[in-house]
Amino acid sequence: MTQSKTINMKFINKKLLFALLLITSTTVFAQPKKQKVDGVIGVVGDYVVLDSDIDLDYITLKAQGVDVKDISRCELFGKQLEDKLYAHQAVQDSIVVTDAEVNSYLNEQLDAAVEQIGSMEKVVKYYNKKNEEELRNHFFDAVKMNKLTSQMRNKIVEGVTITPEEVRNFFKGIPADEIPTFGAEMEVAQIVVKPVISEEEKKRVIDKLKEIKQDVLNGSSFFSKAVLFSEDPGSSSNGGYYKMNRKTAFVKEFKDVAFSLAEGEISEPFETEFGYHIIMVDKIKGQEVELRHILIAPKVSTQAMKDAKEKIEQIRNKIVNKEITFADAAKSSSDEKETRNSGGVLLNPRTMEPRFELTKMDPTLYAQVSSLKDGEVSLPILDEERGSGKFYKIITVNNRIEEHQADFSRDYLKIKELALRDKQIKEIAKWSEEKIKETYIKISDEYKDCDFANNWLKK
């Protein structure tokens, strides 16, 4: 972990902190696994831990920017044993991770790797595999276990809540010299103007989707049509496949259509903020739907971009000339519905509050706001959002908060988050203690001197 002062949690037991550090460390494609003579160093239920798993953990942590000099092999081994316990118990609790779900996630990871490295051939070579099939087989089991682990862990903590009184007691329990220090923050607002799509262009896209639908009804493969024509980077290579339920994070319009269709039915073209879609439902299993879709986004004309820029320049001039406040201009003129009603105020996607820690702010956003004074309005910025196309925006900084020691009233939400995490970790520790007693566990002699956080040796 870097030495940032953004969240100082040294008051939490080192081993609990270590568990928290790795609680979301399920990245599969951090670095290729080194070839070495392997050996079983631990068994938990139906799962084994290999010596090389520890080496891979070191590589993965380094790739994530974590300083590993103070992390021992015993600690990493303990984390491996925890993950295997989660996965083993997930199977006992009938938590199901389907091959389709694993392959869908695997496709997303491979797409990201291809985007980063350049081509599938380069990805295969990077991981020292003979071909794409061998690469997929290599990572399939790892992805499935990670998903079982994640779902089991989520099940353990899903009922954990925290009261204001518990948050207060947590904060009071921190020694005075170990109170967290929160880094400098700022509150940012923006106004967005999107180019207007012509009716002719919308009709062209709708007609194309209707043509594709008719081809499928006449016997063509929806899978092939999605690969050829869909502009959704997350699913096109997999034939437009998604698996979802009503809680899955899709836009409302998409979910409404998906859950209105019968098996085998294809929707009419419909619009979301990403463009126009058609959906074909493959299977309905209780509250879950397996579907394929094709997305085509209307193209923006050069004139529409010019008009958008002129509009946002006019809005900026009115704000600068004090004819209207930034907040009122956002409410009346911004095309970004998520921020319009709040006067353009951006929410931090990690915390869902209107503060961005400078050390964790998206580098692009930081570059756009770092030189602005409070209340100053930026010049029009041409931006692009994945799936939504290009647009113009203006930004202002509403407030700056300097680095400071945690204050209960001022930083309640952050302290609440820390308190909840601490309570979740303790709940996981309690669950682990109970399950270790009833699960077959074997530890290699070379690791029996480890000072584990959990009672893996059953002493």
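Residues numbered from 1 in each chain as written. Predicted model: local features only at pLDDT ≥ 70, side-chain atom pairs only at ≥ 80, totals over all residues. Heavy atoms only, no water.

### Some details on the overall build of the protein
Here is the rule: Strands here are runs of E lasting at least two residues and helices are runs of H or I lasting at least four, both read from the DSSP assignment and numbered beginning at the N terminus. Type-normalised accessible area, obtained with a 1.4 Å probe on protein chains alone, sets the label of each residue: buried when under 20%, exposed when over 50%, and partly exposed for intermediate values. Exposure was quantified through the Shrake-Rupley algorithm and a 1.4 Å probe, taking into account, for residues, occlusion by the shown protein chains and nothing else. Note on charges: Lys and Arg go in the positive column, Asp and Glu in the negative column, and His and the chain ends are not counted at all. Where a charge sits is defined by one atom per residue type, namely NZ (Lys), CZ (Arg), CG (Asp) or CD (Glu).
When you go through the protein residue by residue, the secondary structure sums to 15 helices and 13 strands. Each principal axis of the C-alpha atoms in the protein carries an extent, and together these give about 75 × 65 × 40 Å. The burial tally for the protein puts 45% of its 459 residues in the buried class. In the form shown here, the protein has an accessible surface area of approximately 24900 Å², with 49% of it arising from carbon and sulfur atoms. Where the 70 positive side-chain charges of the protein centre and where its 77 negative ones centre are 1 Å apart.

### Quick notes on the nonpolar core
Put simply, the test is: To qualify as a nonpolar core, a set must consist of buried Ala, Val, Leu, Ile, Met, Phe, Trp, Tyr and Cys residues joined through side-chain atoms within 4.5 Å. The criterion used for residue contact is that any of the two residues' heavy atoms lie within 4.5 Å.
Counting residues in each nonpolar core, the largest one holds 46 residues, and the members touching the most others are Phe77, Leu81, Leu135 and Trp456. Per-element accounting of this core gives the leading share, nine residues, to helix α6 (residues 132–157). In this view, phenylalanine 77 contacts Ile41, Gly42, Val49, Ile54, Ile443, Tyr447 and Phe452; residues no more than four positions away in its chain are not counted. Counting 14 residues, the second largest nonpolar core, distinct from the first, contains Ala308, Phe326, Val377 and Ile394.

### Points about the UniProt feature "domain: PpiC" (unreviewed entry) in the protein
The cut-off we apply is this: UniProt positions are given in the numbering used here, feature names are shortened, and annotations may be inferred rather than shown by experiment.
Mapped onto this numbering, the UniProt entry gives "domain: PpiC" (unreviewed entry) at residues 183–283 and 286–381. Between the end C-alpha atoms of residues 183–283 there is a gap of 48 Å, over a span that is 34% helix and 25% strand. In residues 286–381, the share of helix is 40% and the share of strand is 12%. The end C-alpha atoms are 46 Å apart.

### Quick word on a negative patch on the surface
We apply this condition: Patch membership needs two things, relative accessible area over 30% and no salt bridge, and members are linked within 9 Å if like-charged or within 5 Å if nonpolar (Val, Leu, Ile, Met, Phe, Trp, Tyr). We define a salt bridge as a contact between a side-chain nitrogen of Lys or Arg and a carboxyl oxygen of Asp or Glu at a distance within 4 Å.
Side chains of Glu253, Glu271, Glu273, Glu338 and Glu385 sit close together on the surface and give a patch of like negative charge. Considering the arrangement of structural elements, one finds glutamate 338 in helix α13 (residues 337–340). Taking relative accessible area as the criterion, glutamate 338 reaches 52% and is therefore assigned exposed.

### Here we look at the packing of aromatic side chains
We count it as follows: Aromatic contacts are taken between Phe, Tyr and Trp rings whose centres are within 6.5 Å, Trp giving its six-membered ring; a plane angle under 30 degrees counts as stacked, one over 60 as edge-to-face, and the others as tilted.
Counting across every chain of the model gives eight aromatic pairs. Considering the side-chain rings of phenylalanine 171 and phenylalanine 408, the 5.7 Å spacing of their centres and the 40° angle between planes classify their relative orientation as tilted. Highlighted residues: phenylalanine 171 in helix α7 (residues 164–172) and phenylalanine 408 in the loop between β12 (404–405) and α15 (412–438), separated in sequence by 237 residues. Exposure class is identical for phenylalanine 171 and phenylalanine 408. Each is buried.

### Points about the environment of lysine 213
Position of lysine 213 among the secondary structure elements: in helix α8 (residues 199–217). Residue lysine 213 is classed as buried on the basis of its relative accessible area, which comes to 15%. Between the alpha carbons of lysine 213 and glutamate 268 there is a distance of 8.1 Å; along the sequence they are 55 residues apart. Once you skip the residues sitting within four places of it in the chain, lysine 213 turns out to touch Ile266, Ser267, Glu268 and Ile278.

### Notes on the environment of isoleucine 428
Positionally, isoleucine 428 belongs in helix α15. Residue classification places isoleucine 428 among the buried residues on the basis of a relative accessible area of 9%. C-alpha separation for the pair isoleucine 428 and glutamate 82, spaced 346 residues apart in sequence, amounts to 9.9 Å.

### Topic: the packing of α6 against α15
Applicable threshold: Between N-to-C directions, angles cover 0 to 180 degrees, with each direction set by a line fitted to C-alpha atoms, over the stretch in contact for helices. By the definition adopted for this analysis, an angle is roughly parallel if under 35 degrees, roughly antiparallel if over 145, roughly perpendicular if from 65 to 115, and oblique otherwise. In this classification, the charged set is Asp, Glu, Lys and Arg, the nonpolar set is Ala, Val, Leu, Ile, Met, Phe, Trp, Tyr, Cys and Pro, and all remaining amino acids, among them Gly, are polar.
Running from amino to carboxyl end, α6 crosses α15 at an angle of 105°, the nearest separation of the two axes being 9 Å. Considered as vectors, α6 and α15 are oriented roughly perpendicular to each other. On α15, the residues that touch Met152, Arg153, Ile156 and Val157 of α6 are Gln424, Glu427, Ile428 and Trp431. Classifying every residue of the contact of α6 with α15 by side-chain character gives five nonpolar, one polar and two charged.

### Re the sheet that holds strand β5 (residues 241–244)
Worth spelling out the cut-off: Strands are labelled as partners when DSSP assigns at least two bridges between them.
If you walk across this open sheet you meet the four strands as β5-β8-β7-β6, and the pairing is antiparallel. Bordering the open sheet on either side are β5 and β6 (270–272), each of which pairs with just one other strand. Going across the sheet, the axis of each strand differs from the next one's by a mean of 45°, ignoring polarity. Relative to strand β7 (residues 275–285), β6 runs antiparallel, the two being bridged by three bridges. In the sheet register, threonine 272 faces β7, and the bridge partner there is glycine 275. Contacting β7 and β8 (288–296), α8 runs over the sheet at an angle of about 30° to β7.

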